[in-house]
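# A structural walkthrough
Okay, here's what each chain looks like letter by letter:
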Amino acid sequence: MARGRLEIICGCMFAGKTGRLIALLEAAGARGLRVVAFKHQLDARYDPANLATHDGRRFDALTADSPAGIPGRCSTADVVGIDEAQFFGRGLVAVCEHLRARGQRVIVAGIDHDAWGRPFPPLPQLREIADAVEMMHVGCTICGRPARFSQRVVPLNGPDMVGGPGQYQPRCQACFVPLPPPAPEY
């Protein structure tokens with residue numbers, strides 16, 4: 001069996017990560033490859049049964065509540081897409097290595113910095129082992145420079161930090177203000 005491949009798409013919110021993931025999955029499907037996409041069950045913002053972009057694009061997806069729920073549901077796929085990697089946690093690293101070892105192309109999209117400005121696992125760990133990394137950029141809401149961070153602009157009301165427009169803005173390092181402590185432990 002051919003060696004698989006691990007590709008990472010990362011950046012702040014609103015940078016187009018999910019749109020890029022969808023484009024790659026659609027292109028693979030158009031070439032006749034078997035494609036399966038996954039999203040975390042926490043992410044029901046726009047559509048609980050599809051990958052969904054902030055601007056309304058959709059792609060059929062399976063939901064999973066942990067990385068362990070992925071490998072058994074995509075064994076016949078040539079290409080596996082995983083969106084919002086940060087919701088899956090560090091366990092996603094071993095799953096991606098497993099999928100790649102069995103010859104699958106794995107494309108993972110996610111946010112690489114949390115709302116405190118810290119590296120958001122598992123993106124740093126996935127980038128270290130990836131065959132390719134694509135950084136997505138969007139302009140800072142304040143100054144227009146390339147944004148790297150997702151600024152939380154509404155108060156936290158519990159541990160759920162899933163959000164979209166109205167809760168977050170893309171910010172450059174100069175305009176980003178980390179949330180006050182305490183930050184979560186990963």
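Here is what the cut-offs are and how they apply
Residues numbered from 1 in each chain as written. Predicted model: local features only at pLDDT ≥ 70, side-chain atom pairs only at ≥ 80, totals over all residues. Heavy atoms only, no water. Salt bridge = Lys/Arg side-chain N within 4 Å of Asp/Glu carboxyl O. Helix = DSSP H or I, 4+ residues; strand = E, 2+ residues; numbered from the N terminus. Disulfide = S-S within 2.5 Å.

## What to know about the pattern of salt bridges
- This structure, assessed with the given rule, holds ten salt bridges.
- In this structure, the salt-bridge partner of Glu-7 is Arg-105, at a minimum N-O distance of 2.6 Å. Taken as a pair, Glu-7 in strand E1 (residues 5-11) and Arg-105 in strand E7 (residues 105-111) lie far apart in primary sequence, 98 residues in all.
- Where Arg-57 meets Glu-26, a salt bridge forms, and the shortest distance between an N and an O atom there is 3.4 Å. Residue Arg-57 is found in the loop between strand E3 (50-52) and strand E4 (58-60), and its partner Glu-26 is found in helix H1 (residues 17-30); the two are separated by 31 residues along the sequence.
- Where salt bridges share partners, they join Arg-3, Arg-100 and Asp-131 into one cluster.

## Comments concerning the state of the cysteines
- The final tally for this structure, using the stated rule, is zero disulfides.
- The thiol of Cys-10 is not disulfide-bonded; the next cysteine sulfur, from Cys-12, is found 10 Å away.
- Free of any disulfide, Cys-172 has its nearest cysteine sulfur in Cys-143, 3.6 Å distant.

In short, shape yes, function no, at least from these values alone.
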